[in-house]
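Below are the chains, spelled out letter by letter.
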Amino acid sequence: MITNDDVPKFSALIAPTVAALKSLGGSASNQEIHDEVVRLERFLEEIVEHPHGDNSTLSELEYRLKWARTYLKKVGAVNNAKPGIWTLTAHGFGMSEDELGEVPRRVRTMNRNARKEAETLNSASGMEDESGDVEPDWQEELLQALLAMDPSAFERLCQRVLRESGFVKVEVTGRSSDGGIDGNGILRVNLVSFQVLFQSKRWQGSVGSSVVRDFRGAMMGRADKGLIITTSRFTAEARAEATRDGAPAIDLIDGEDLCDLLKNLRIGTKVEMVEQVEVDTGYFAEF
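Being a predicted model, the structure only gives us computed values, none of them experimental.

A. The arrangement of the environment of Lys73 in detail. Within the secondary structure, Lys73 sits in helix α4 (residues 60–74). For Lys73, a relative accessible area of 43% gives the class partly exposed. Put simply, Lys73 and Thr87 are 14 residues apart on the chain and 9.7 Å apart in space, counted from C-alpha to C-alpha.

B. The packing of aromatic side chains, seen in detail. What the rule picks out here adds up to two aromatic pairs. Note on Trp67 and Tyr71: the rings are 6.2 Å apart at their centroids and 75° apart in plane angle, and the pair reads as edge-to-face. Residue Trp67 and its partner Tyr71 are located together in helix α4, separated by four residues, close to a single helical turn. Note that Lys22 overlies the ring of Phe93, its terminal NZ or CZ placed 5.0 Å from the centroid.

C. Geometry of the environment of Val212. Within the element layout of this structure, Val212 appears in helix α10 (residues 209–219). Expressed as a C-alpha distance, the spacing of Val212 and Leu191, which sit 21 residues apart in the sequence, is 29 Å. Val212 has contacts with Ile228, Ala238, Glu241, Ala242, Ile250 and Leu252, leaving out every residue within four places of it along the chain.

D. Region of interest: the pairing of strand β7 (residues 225–230). Where burial is concerned, most of β7 is hidden: five out of the six residues are buried. Note: strand β6 (residues 192–201) against β7, six bridges, orientation parallel. Of the residues in β7, the one forming a bridge with Leu197 is Gly226. Between β6 and its parallel partner β7, the chain crosses via α10, and the hand of that crossover is right-handed. Handedness of the crossover joining β7 and strand β8 (residues 250–253) through helix α11 (residues 236–242) is recorded here as right-handed.

E. Structural context of helix α2 (residues 30–41). Under the 1.5 Å per step criterion, the end-to-end length of α2 is 16 Å for 12 residues, consistent within 8% with the ideal 16 Å. Turning to α2, its buried residues are Asn30, Gln31, Ile33, His34, Glu36, Val37 and Val38. Arg42 sits one or two positions beyond α2 and adopts a positive phi of about 55°.

F. Representation of the sheet that holds β7 in the model. What the five strands build is an open sheet, ordered β4-β5-β6-β7-β8; its pairing is mixed. Two strands lie at the open edges of the sheet, namely β4 (167–172) and β8, each paired on one side alone. Taking each pair of neighbouring strands and ignoring which way they run, the sheet shows an average axis angle of 25°. Its contacts with the sheet put helix α9 (residues 151–164) on β4, β6 and β7, and the angle it makes with β4 is roughly 170°. Where helix α12 (residues 255–265) meets the sheet, its contacts fall on β7 and β8, and the angle it forms with β8 comes to roughly 75°.

G. Spotlight on the packing of helix α8 (residues 138–147) against α12. Where α8 contacts α12, the two axes come as close as 10 Å, and the packing angle between them is 95°. One way to sum up the angle between α8 and α12 is to call them roughly perpendicular. Where α8 approaches α12, its residues Trp138, Gln139, Leu142, Leu143 and Leu146 are matched on the opposing element by Gly255, Glu256, Leu258, Cys259, Asp260, Leu262 and Lys263. Taken together, the residues of the contact of α8 with α12 break down into seven nonpolar, two polar and three charged.

Rules used throughout
Residues numbered from 1 in each chain as written. Predicted model: local features only at pLDDT ≥ 70, side-chain atom pairs only at ≥ 80, totals over all residues. Heavy atoms only, no water. Helix = DSSP H or I, 4+ residues; strand = E, 2+ residues; numbered from the N terminus. Buried < 20%, exposed > 50% of the residue type's maximum accessible area, 1.4 Å probe, protein only. Phe/Tyr/Trp six-rings, centres within 6.5 Å; stacked < 30°, edge-to-face > 60°. Lys NZ or Arg CZ within 6 Å of the ring centre and 35° of its normal. Contact = heavy atoms within 4.5 Å. Pairing = 2+ DSSP bridges. Right-handed = clockwise from strand over helix to strand, strands pointing away. Expected span 1.5 Å × (residues − 1). Axes fitted to C-alpha atoms, helices over the stretch in contact; angles between N-to-C directions. Parallel < 35°, antiparallel > 145°, perpendicular 65-115°, else oblique. Nonpolar A, V, L, I, M, F, W, Y, C, P; charged D, E, K, R; others polar.

Below, the structure written as structure tokens:
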């Protein structure tokens, strides 16, 4: 029986994360990093699929890899100018094994110093310190809200996401006897149109290869492309099945991708941009 104690701590995943980025050419998506770490470390499937809590769509390994990336970013070893894509910096590329092992201690020291500074400033201004080590995870909060939706409401949400992403004539069918197909739409790319069937899965557990195979079987001869949208994640076997040679490709949108889509489309999310003002002191000196 696998428990959380069997999954490597995030601190033990820092060096493998850097090794994975190096192996992948210096930059990679969250999923690519995850899969490469699993490959390099040869983790058992039971560890890879062990869930993070009863109500989470993440695996415990995914959750701890997120913290490993966060800590690496805080010490300047990686950056993610584009959400979901991580790049190894020159500093990170040159870090030794001992330096990578010191990352958790360095970040904890940085957090303590930041708290002390905040406490000093808040004490002077009479405000209470609300800082902490744990950063709010908007994606996890969003996924919990999606899981609380009625299945039919989630299908309608997927319909809206597709519409606002450029699909036309998007319909929700949702017939239980239709081989798992929840709807269809047309995607126009320049002068070419594609008939697309989609399936929406409001799940917590991982989506396996059998789901992809069954969906492909249901869509054969009925559409040009298939799309599966889930609040959860796809196993490595499911992703391999989706792009298997000789079979119609099926596009996969996991919970993280769905969160990014909702954020970019401003559906159920608000994004606040922080204004930064730089003063050109030289201008006033020459006035």
